[in-house]
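Observations on chain architecture
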Amino acid sequence: MLTRQEEREIIEKVLSGDTEAFEALVLEHQNKVYSLALRMVGNEEDARDMAQDAFIRAFNSLEGFRGDSKFSVWLYRLTSNICIDFLRSRAKKRTVSMTWSDDEGEDAGELEIPDERYSPEAQFERTNVRDSVRRGLDSLSPQYRQILVLREINGLTYEEIGKVLGIEEGTVKSRIFRARKKLCDFLLKEGNIPGVGASNAPKGGAGV
């Protein structure tokens, strides 16, 4: 893994005319960039295009990288914005696959995709829940989907997400909470939150 200083040195080489040095940055970050794009657009071919576009834009915009944050954070911002533009322009929505658990200490609920792999019944339940999660994510706005992917898939900190999206850390936390709540509400309506069954549903009609 390249250190921040090593990345800075590579960038300086590229800006000085050694364009082939940029390949080291591509090799360092290509898997995570592709992973981010895949979770955002939900299609391997589109994700490859988005990732390639991200590196092309990064190369062409390298002079604009000031080094205030890690190169990866800057690159994630480019990738995320490219995917958001793609999602907005695409008529038919795609789906995204992910797992997450609430770490906010709030009552948004905790979602865990079953990890039982050795019985047909467990496999069916797992597939059913995953499909429901995909539909739930597809129902979210691109902004909410984006922030969940950055946090739960790419593992960025709140501070790093704030830098990627250009928002305050407090806004990051509240937006993640709202996105998780919307996804949790969707899964509750479908009855597909593991561990929540009919016995746990509100009684006596519509609850609050």
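A few points on the structure. (Residues numbered from 1 in each chain as written. Predicted model: local features only at pLDDT ≥ 70, side-chain atom pairs only at ≥ 80, totals over all residues. Heavy atoms only, no water.)

**Quick word on the packing of helix H1 (residues 4–15) against helix H2 (residues 22–41)**
Relative to each other, H1 and H2 sit at 140°, their axes nearing to 8 Å. Relative to H2, the element H1 lies oblique. Contacts between H1 and H2 involve Glu7, Ile10, Ile11 and Val14 from the former and Phe22, Ala24, Leu25, Glu28 and His29 from the latter. Partitioning the contact of H1 with H2 into residue classes produces six nonpolar, one polar and two charged. (Axes fitted to C-alpha atoms, helices over the stretch in contact; angles between N-to-C directions. Helix = DSSP H or I, 4+ residues; strand = E, 2+ residues; numbered from the N terminus. Parallel < 35°, antiparallel > 145°, perpendicular 65-115°, else oblique. Contact = heavy atoms within 4.5 Å. Nonpolar A, V, L, I, M, F, W, Y, C, P; charged D, E, K, R; others polar.)

**Some points on H1**
Counted at 1.5 Å a residue, the expected span for H1 with its twelve residues is 16 Å, and the 17 Å between its end C-alpha atoms agrees. Taken together, the buried positions of H1 are Glu7, Ile10, Ile11 and Val14. Buried residues along H1 cover an arc of 100° about the axis, so they all sit on one side. On its buried side, H1 packs onto H2, helix H3 (44–60) and helix H4 (71–89). (Expected span 1.5 Å × (residues − 1). Buried < 20%, exposed > 50% of the residue type's maximum accessible area, 1.4 Å probe, protein only. Arc of directions from axis to C-beta.)

**Side note on the nonpolar core**
Core analysis: the biggest nonpolar cluster contains 48 residues, and Met40, Phe71 and Ile161 have the highest contact counts within it. Counting residues per element, the ones that place at least two in this core are H1, H2, H3, H4, helix H5 (120–139), helix H6 (142–153), helix H7 (158–165) and helix H8 (169–190). With eleven residues, H4 is the single largest residue contributor to this core. Setting aside its immediate chain neighbours within four residues, Ile161 contacts Ile147, Leu150, Arg151, Leu156, Val172 and Ile176. (Core = buried A, V, L, I, M, F, W, Y, C linked by side-chain atoms within 4.5 Å.)

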